[in-house]
Amino acid sequence: MKASELLKPANREEAALLDKLDVKRLPRHVAVIMDGNGRWAQKRHLPRVAGHRAGVKTARTVIETCSHLRISCLTLYAFSMENWRRPQAEVDFLMRLLREYLKRELPEIHKNNVRLLVIGRPEQLPEGVRADIQDAMKLTARNTGLTLIVALNYGGRAELVDAFNAMLDNARKNCLSAFSADEQAISEHLYTAGLPDPDLLIRTSGEMRVSNFLLWQIAYAEIYVTETLWPDFSRPRLLEAFLDFQKRERRYGGLSSAKGRAVSAAAGKASQESED
Ligand code: FPP
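These lines cover the structure that appears in this document, whether it is placed above or below. (Residues numbered from 1 in each chain as written. Predicted model: local features only at pLDDT ≥ 70, side-chain atom pairs only at ≥ 80, totals over all residues.)

Turning our eyes to something else, we now look at helix α5 (residues 88-111). Taking 1.5 Å per residue as the helical rise, α5 with its 24 residues ought to reach 34 Å, and the 35 Å between its terminal C-alpha atoms agrees with that figure. The largest bend in α5 is about 55°, located at Glu-105, with the proline Pro-107 one to four residues further on. Phi turns positive, to about 65°, at Asn-113, one or two residues after α5. (Helix = DSSP H or I, 4+ residues; strand = E, 2+ residues; numbered from the N terminus. Expected span 1.5 Å × (residues − 1). Bend = angle between axes of the 7 residues up to and from the residue.)

What follows is the structure, given as structure tokens:
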């Protein structure tokens, strides 16, 4: 199947990018650090919150694109535990924006068979936000298309702490005195239990940091950093990130297939010579 059969190109640029895209080699899980809303607004002499509003539009485009391309999971870093340090008015605005987004977009999300999950520590979130999230997750729980994971009041280290404490609690409850964890057990206690790890981590606006995002899960992710600010991260920019991903060779600590063949051939030759 061609990418343009899954996603109608809006213009020539999109058509050309879709033409190059191999739908069989798309990332299964895309994680995004949406950065640069403030700078986008500043460049236009607008208040920071205008950047966040524009950022919501980009989120919609990215969700729609991933959904049409049949990508399994998309994780968006919407609010980190560190974001509470922002001015109260901006924090309040972001919380209101999220509720507004859910209210407006949920019917469409549900219609498109998207399943919504929210990860992070819900306790500190305002009651109204928590209630809306619960309702949205309940409504979409049985959907089988894209899984949209929104990281909200999320921190990668906090997630690991929560996972270890959950494992220790289990061990105590079951009176397991000699308890030891392994990688699978840790994965199964993360907020993302049961989901594949991200294959591609995108960060907009040029910063070379992972900012406490999915620390365990991105162990083997390909990282794509673009200077584009999040509100400008249009569909063509996302398709470029996918094309870049398709050029990478994922080795998971092994050798590239060509190098592997060369090494095996050399090893074969060496053992042949030692036998001669
Ligand atoms: C970073 O820009 C972005 C955020 C703090 C997250 C907010 C994201 C949105 C509003 C997008 C919408 C998401 C959903 C799921 C509806 P920044 O303020 O850090 O930018 P700066 O680094 O330029 O100041």
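A few words on the site of the ligand. Near the ligand you find 18 residues, and of these Asn-37, Gly-38, Arg-39, His-52 and Gly-55 are the closest. Secondary structure elements with two or more residues in the shell around the ligand: α3 (37-43), α4 (48-68), β2 (73-80) and α5. The class makeup of the residues in the shell around the ligand is 10 nonpolar, 6 polar and 2 charged. (Near = placed C-beta within 6 Å. Nonpolar A, V, L, I, M, F, W, Y, C, P; charged D, E, K, R; others polar.)

Bringing helix α7 (residues 156-173) into the picture now. For α7, spanning 18 residues, the distance from its first C-alpha to its last is 26 Å, which sits close to the expected 26 Å at 1.5 Å a residue. Those residues of α7 hidden inside the fold are in contact with α8 (183-188). Downstream of α7 by one or two residues, Cys-175 has phi in the positive range, about 50°. (Contact = placed C-beta atoms within 7 Å.)

With that out of the way, let us pick up the nonpolar core. Membership of the largest hydrophobic core comes to 53 residues, with the highest contact counts inside it found for Val-32, Leu-74, Leu-76 and Tyr-77. Sequence-distant contacts of Leu-76, defined by excluding residues within four places in its chain, comprise Val-32, Met-34, Ala-59, Val-150 and Ala-151. (Core = buried A, V, L, I, M, F, W, Y, C linked by C-beta atoms within 7 Å. Buried ≥ 20, exposed ≤ 12 C-beta atoms within 10 Å, placed from the backbone.)

Looking now at the packing of helix α2 (residues 12-20) against helix α9 (residues 235-247). Helix packing for two helices is described by the angle between their axes and how far apart those axes are. Between α2 and α9, whose axes approach to 10 Å, the crossing angle comes to 20°. Considering the angle they form, α2 stands roughly parallel to α9. As α2 packs across α9, the resulting crossing turns out to be left-handed. Mapping the contact onto sequence places Glu-13, Glu-14, Leu-17, Leu-18 and Lys-20 in α2 and Arg-235, Pro-236, Leu-239, Glu-240 and Leu-243 in α9. Looking at the contact of α2 with α9 residue by residue, the classes come out as 5 nonpolar, no polar and 5 charged. (Axes fitted to C-alpha atoms, helices over the stretch in contact; angles between N-to-C directions. Parallel < 35°, antiparallel > 145°, perpendicular 65-115°, else oblique. Left-handed = near helix turned anticlockwise from the far one by under 90°.)

Counting buried positions over the 8 residues of β2 gives 8, a clear majority of the element. By the bridge criterion, 4 bridges tie strand β1 (residues 29-33) to β2 in an arrangement that is parallel. Bridge pairing in β2 links His-29 to Cys-73. By the bridge criterion, 7 bridges tie β2 to strand β4 (residues 147-154) in an arrangement that is parallel. (Pairing = 2+ DSSP bridges.)

Before going further, it helps to examine the sheet that holds β2. If you trace the 6 strands from one edge of the open sheet to the other, you get β3-β4-β2-β1-β5-β6, paired in parallel fashion. The outermost strands of the open sheet, each flanked by one partner alone, are β3 (115-119) and β6 (222-226). For this sheet, the mean angle separating the axes of adjacent strands, direction not counted, is 20°. Of the strand pairs in this sheet, strand β5 (residues 200-204) and β6 are connected by 5 bridges, and their pairing is parallel. For Leu-201, the partnering residue across the bridge sits in β6 and is Ile-223.

Here we come to unusual backbone geometry. Positive phi, normally seen in glycine, also occurs at Arg-70, with a value near 60°. By secondary structure assignment, the location of Arg-70 is in the loop between α4 and β2. In this structure, Asn-153 takes a positive phi of about 50° despite not being glycine. Topologically, Asn-153 is positioned in strand β4.

Coordinates in, geometry out; function isn't part of it.
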